[in-house]
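Here is what each chain is made of, one letter per residue.
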Amino acid sequence: MKRKRVVVLGATGSIGESALKVAHDIPERMEIVGLAANRNAQKLAAQANKVRPPAVCLVDETKVGELRAALEYEPRIFSGESGLVEIACLAEAEMVLVAVVGTGGLQPALAAIEAGKDLAVASKEILVMAGEIVMREAGKKGVQILPVDSEHNAIFQCLEGRFQGSGFRVQEGGSAERNFSEIRNLKPETCADVRRLILTASGGPFRNTPASEFEGITVEQALKHPTWNMGPKITIDSATLFNKGLEMIEAHWLFGVEMKRVEVVIHPQSIVHSMVEFSDGSVLAQLSHSDMCFPIQYAVTWPERVANSLPPLDFGRVRQLEFATPRYEDFPALNLARRAGEIGGTLPAVLNAANEIAVSAFLERKISFPRIWETVSAVMDRHTNVAHPDLDAILRADLWARDEAAGFVKSLHC
Ligand code: MG
């Protein structure tokens, strides 16, 4: 039983807030040694004054003065993109929780791996854009990649529960270097028969909306998520199902399972966070309230379980758990993501970047809701893919896709 020293990147966002709650709830197991935020100086200062980590970081350099003035003690202060990389490598830290919106978490995540820190990954972009590199480098360094995304954390728990932390190997195709058993330096012959990973999706606010009404969907309607309370980008992604598409690619890399065995099922209650089907047809699921404190805590205390003050499930109140097949025709994001994940190379980074631009354009009311898919699809079609890209090639593809998507959006609303 050891207290884990954690740096939180993206402290002022919803995952960051949950991480602070977890640290407060299980102080004997989690200590926050660094807090980093993008530009909210006041909120970061308030968090730091409460938690008193020895280091803080604000990416927006113009607001560092404001941060310094609001701090009631004297931590080390980092700033800028380079500051985010520095705090991710903080000597005091054993684990870095990456919960940065967008692509900004990728370089700090790779730097943290290089510095030998375990990674708790909440930012999907890290694995979507650079899953091959991240898993390979983590394997080399012998560091753990612990999923914080609730679905992946659920799958991780299902696999752990089945194999009691002894690692696992997938049935076919999943290459050894992407495998958890390799990463943990555990016996690779400890094989398991995983048939399917089944990601659950709430279906978002338009689960039952006829496709004929998609054109008229407003920003306000799209921002009303039925079960999770999250930032605007991920909330729109949940409405288009791009969030689930990104999660399919994330699962493919994290667990070394081919895309064809990563599936999605609609589950509106968001109580079952995901499932694993084994070769004998048995399915294991992980259930809890939809509160990110659950997966964050498990990532921090893994492989142990620790009592906390989170509310238990009351099945008498839950009463009903529903499941349905996604409407693939009406929500093209899932098939676009499957295609990107299957082809691999720079295409997943392109999907991710084009989607970010399209979501911003929708939030700025420049394009209608269905044009988000249309933009992503058009940019993917125009991309010349690079197989097994290095980080530079990935970042180039990301920039290219942003430009291309911006051009396409412009052509739509002109
Ligand atoms: Mg998720």
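Residues numbered from 1 in each chain as written. Predicted model: local features only at pLDDT ≥ 70, side-chain atom pairs only at ≥ 80, totals over all residues. Heavy atoms only, no water.

1. Quick word on helix α5 (residues 106–114)
Now for step 1: Within α5, 7 of the 9 residues are buried, which leaves it mostly tucked inside the rest of the structure.
Now for step 2: Residues of α5 that are buried: L106, P108, A109, L110, A111, A112 and I113.
Now for step 3: A positive phi of about 85° marks G116, the residue just after α5. (Buried < 20%, exposed > 50% of the residue type's maximum accessible area, 1.4 Å probe, protein only. Helix = DSSP H or I, 4+ residues; strand = E, 2+ residues; numbered from the N terminus.)

2. Here's the deal with the environment of A401
Now for step 1: Its location among the elements puts A401 in helix α17 (residues 391–413).
Now for step 2: Each C-alpha atom of the pair A401 and E374 lies 14 Å from the other, and the pair is 27 residues apart in sequence.
Now for step 3: The contacts of A401, once residues within four sequence positions are left out, are V350, A353, A354 and V379. (Contact = heavy atoms within 4.5 Å.)

3. A short note on the coordination of the magnesium ion
Think of it this way: four donors in a tetrahedron around the metal ideally sit 109.5 degrees apart, and six in an octahedron ideally sit 90 or 180 degrees apart.
Now for step 1: Protein coordination at the magnesium ion comes from D149 (OD), E151 (OE) and E247 (OE), with a distance range of 2.1 to 2.2 Å.
Now for step 2: Mapped onto the sequence, the donors of the magnesium ion take the spacing D-x1-E-x95-E. Taken together, the residues span a long stretch of sequence, with D149 in the loop between β7 (145–147) and α7 (150–163) and E247 in helix α11 (residues 242–255) at a distance of 98 residues.
Now for step 3: With relative accessibility at 1%, the residue E247 sits in the buried group. (Donors = N, O, S within 2.8 Å, 3.2 Å for Na, K, Ca; no water.)

4. Thoughts on a nonpolar patch on the surface
Now for step 1: On the surface, a cluster of nonpolar side chains totalling about 350 Å² of accessible area is made up of L287, F315, L321 and F323.
Now for step 2: Counting through the fold element by element, L321 comes out in the loop between α13 (315–318) and α14 (333–343). (Patch = residues over 30% accessible without salt bridge, like charges linked within 9 Å, V, L, I, M, F, W, Y side chains within 5 Å. Areas by Shrake-Rupley, 256 points an atom, 1.4 Å probe, with all protein chains shown as cover. Salt bridge = Lys/Arg side-chain N within 4 Å of Asp/Glu carboxyl O.)

5. Focus on the packing of aromatic side chains
Now for step 1: Tallied over the full model, the rule gives 9 aromatic pairs.
Now for step 2: Ring geometry for F156 and W302: centres 5.7 Å apart, planes at 50°, overall tilted. Of this pair, F156 sits in helix α7 while W302 sits in the loop between α12 (293–301) and α13, and the two are 146 residues apart along the sequence.
Now for step 3: Ring geometry for F214 against W373: centres 5.7 Å apart, planes inclined by 50°, an arrangement best described as tilted. With F214 in the loop between β8 (194–201) and α9 (219–222) and W373 in helix α16 (residues 370–382), this pair connects stretches of sequence that are 159 residues apart. Side by side, F214 and W373 carry an identical accessibility label, which is buried. (Phe/Tyr/Trp six-rings, centres within 6.5 Å; stacked < 30°, edge-to-face > 60°.)

6. Examining the layout of surface pockets
Here the idea is plain: a probe the size of a water molecule rolls over the atoms and shows the empty space left.
Now for step 1: When its volume is computed, the second largest pocket comes out at roughly 330 Å³.
Now for step 2: Residue lining of the second largest pocket: 16 residues in total, with L20, A23, H24, K50 and V51 positioned closest to the centre.
Now for step 3: For the lining of the second largest pocket, the leading source of residues is helix α1 (residues 14–25), giving 5 residues.
Now for step 4: For the lining of the second largest pocket, the residue count by class is 8 nonpolar, 2 polar and 6 charged. (1 Å grid on protein atoms, 1.4 Å probe; cavity = no way out; pocket = protein on both sides within 12 Å on 5 of 7 lines; lining within 4 Å. Points joined across faces, edges and corners; volume = space filled by probe spheres on them. Nonpolar A, V, L, I, M, F, W, Y, C, P; charged D, E, K, R; others polar.)

7. So, the sheet that holds β7
Now for step 1: Across the sheet, which stays open at both edges, the 7 strands sit in the order β4-β3-β2-β1-β5-β6-β7 with parallel pairing between neighbours. Every other strand in the sheet has two partners, leaving β4 (76–79) and β7 as the edge strands with one partner each. Averaged over all pairs of adjacent strands, the angle between strand axes in this sheet comes to 25°, irrespective of strand direction.
Now for step 2: Pairing of strand β6 (residues 118–121) with β7 involves 3 bridges; the strand directions are parallel. (Pairing = 2+ DSSP bridges. Axes fitted to C-alpha atoms, helices over the stretch in contact; angles between N-to-C directions.)

8. Let's talk about empty space enclosed by the protein
Now for step 1: In the structure shown here, the tally under the stated rule is 1 cavity of 30 Å³ or more.
Now for step 2: What the largest cavity holds in volume is close to 80 Å³.
Now for step 3: Residue lining of the largest cavity: V128, M129, A130, G131, E132, I133, W253, G344, G345, P348, P389 and I394, and that is the complete set.
Now for step 4: Ranked by residues supplied to the lining of the largest cavity, first place goes to helix α6 (residues 124–141) with 6 residues.
Now for step 5: Split into classes, the residues belonging to the lining of the largest cavity amount to 8 nonpolar, 3 polar and 1 charged.
Now for step 6: Both domains that meet at the lining of the largest cavity, namely domain 1 (4–143) and domain 2 (188–413), each give it at least three residues. (Domains from an automatic or database assignment.)

9. Quick notes on the sheet that holds strand β11 (residues 283–287)
Now for step 1: Reading across the sheet, the 4 strands line up as β9-β8-β10-β11 and stay open at both edges, with mixed pairing between neighbours. Sheet topology places β9 (262–266) and β11 at the edges, where each strand pairs with a single neighbour. Going across the sheet, the axis of each strand differs from the next one's by a mean of 25°, ignoring polarity.
Now for step 2: Pairing between β8 and strand β10 (residues 272–278): 5 bridges, direction antiparallel. Residue pairing in the sheet places L197 in a bridge with V276 of β10.
Now for step 3: In the packing of α11 onto the sheet, the strands contacted are β8 and β9, and the crossing angle to β8 comes to about 150°.

10. Side note on the domain arrangement of the protein chain
Now for step 1: One can read the domain layout of the protein chain as domain 1 (4–143) and domain 2 (188–413).
Now for step 2: Computed over C-alpha atoms, the centres of domain 1 and domain 2 are 23 Å apart.
Now for step 3: With 30 residues of domain 1 at the contact, the number on the domain 2 side is 38 residues.
Now for step 4: Of the roughly 2800 Å² buried between domain 1 and domain 2, counting both surfaces, carbon and sulfur atoms make up 68%.
Now for step 5: Contact with domain 2 buries surface across domain 1, with K124, V128 and M129 losing the most and accounting together for 23% of the total. (Buried area = accessible area lost by both parts, 1.4 Å probe.)

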